[in-house]
Amino acid sequence: MKALSIAGVNIKRLWRDRSNLFFVFILPIGLIIIIGSIFGGGNQPRIGVVGSDGGPLASDLFERLSAVDGVVVSAFETEGELLLAVERGGSQAGVVIPVDYDELLRSGIPVQVGFVARPDGVGAQLRSTITLVTSEQSQVVRSALFAVSETGEGFDGALTRAAALEPRVARIGIELEAVGDALFPSTLGQFDIGASSELILFMFLTGLTGSAALIQTRVYGISKRMLSTPTRSST
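Residues numbered from 1 in each chain as written. Predicted model: local features only at pLDDT ≥ 70, side-chain atom pairs only at ≥ 80, totals over all residues. Heavy atoms only, no water.

Caption draft 1: Here's a closer look at a nonpolar patch on the surface. Taken together, the side chains of Ile11, Leu14, Trp15, Phe22, Phe23, Phe25, Ile26, Ile29, Ile33 and Phe191 present a nonpolar region at the surface, about 930 Å² in accessible area. Within the residue set of the nonpolar patch, elements represented by two or more residues are α1 (2-16) and α2 (19-39). Here the nonpolar patch takes 6 residues from α2, the largest share from any one element. Its location among the elements puts leucine 14 in helix α1. (Patch = residues over 30% accessible without salt bridge, like charges linked within 9 Å, V, L, I, M, F, W, Y side chains within 5 Å. Areas by Shrake-Rupley, 256 points an atom, 1.4 Å probe, with all protein chains shown as cover. Salt bridge = Lys/Arg side-chain N within 4 Å of Asp/Glu carboxyl O. Helix = DSSP H or I, 4+ residues; strand = E, 2+ residues; numbered from the N terminus.)

Caption draft 2: Summary view of the packing of helix α6 (residues 123-151) against helix α7 (residues 155-165). Running from N to C, α6 and α7 cross one another at 130°; their axes reach a closest spacing of 8 Å. For the element pair α6 / α7, the angle class is oblique. You can see that α6 and α7 cross each other, and the crossing is right-handed. Between α6, through Val140, Val141, Ser143, Ala144, Leu145, Ala147 and Val148, and α7, the contact on the second element is made entirely by Phe155, Ala158, Leu159, Arg161, Ala162 and Ala163. By residue class, the composition of the contact of α6 with α7 is 11 nonpolar, 1 polar and 1 charged. (Axes fitted to C-alpha atoms, helices over the stretch in contact; angles between N-to-C directions. Parallel < 35°, antiparallel > 145°, perpendicular 65-115°, else oblique. Left-handed = near helix turned anticlockwise from the far one by under 90°. Contact = heavy atoms within 4.5 Å. Nonpolar A, V, L, I, M, F, W, Y, C, P; charged D, E, K, R; others polar.)

Caption draft 3: A look at the pairing of strand β1 (residues 46-50). Counting buried positions over the 5 residues of β1 gives 4, a clear majority of the element. Here 5 bridges tie β1 to strand β2 (residues 72-76), and the two strands are oriented parallel to one another. Along β2, the bridge assignment pairs valine 50 with phenylalanine 76. In this view, the connection linking β1 to its parallel neighbour β2 by way of helix α3 (residues 56-66) has right-handed handedness. (Buried < 20%, exposed > 50% of the residue type's maximum accessible area, 1.4 Å probe, protein only. Pairing = 2+ DSSP bridges. Right-handed = clockwise from strand over helix to strand, strands pointing away.)

Caption draft 4: Spatial organisation of the environment of arginine 88. When you line up the elements, arginine 88 lands in the loop between α4 (79-87) and β3 (93-96). Arginine 88 gets classed as exposed once you look at its relative accessible area, which sits at 69%. Considering only alpha carbons, one finds arginine 88 and arginine 118, 30 residues apart in sequence, at a separation of 9.6 Å.

Caption draft 5: Spotlight on α7. Residues of α7 that are buried include every one of Phe155, Ala158, Leu159 and Ala162, and no others. Taken around the axis of α7, the buried residues stretch over an arc of 100°, which confines them to a single face. Seen from the buried face of α7, the exposed residues on the opposite side, beyond 90 degrees, are Thr160 and Ala164. Looking at the buried positions of α7, the neighbouring elements they touch are α3, α5 (101-106) and α6. (Arc of directions from axis to C-beta.)

Pasting the structure below:
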């Protein structure tokens, strides 16, 4: 019971110092929220796109990118905003669709789509993904241009027929199987990694600052008064 009484006294001293509320509770939880919000986005890379509203083909490219599993795609108004987002880590990669994207494709002229990414991270993998998506769209456009040259019909009608026939094209399926224990389980939440690391950090910091409280206890003479009673040092 004496141990509980001693603990109760120290808890009262802890709550009377209002700054402890910030350093023991608010600061750790705030850091967990910040770290989880920035780096714990469910391991889903983000791709920014500029020029998605330039025409039907530009919008189709944006929709194809959005349909990729495990990738979050967002639209940006200007190229400067996209570059800033990539520099600050808001987007792991960026796609710049030219203003005359639709016009050039309809004319059969090759179009160069811009790609930006930081040298670190998943930029190389996202570049392969974006290249695959643009290649799939170019196949449909080339099919429509071939139909226009052979039949003389309009490009829009040929493009609609080519897009309708696209699902019938045979594709190579890839099945992934995880062998052994995964480093990060599928049930891992957005804030789990940050919470575990911050728990270790603040256990150390709280223990370190707690040593100051022990010195303060000695200065105030609280330890002497406790030992003056029938109380063992172990208690």
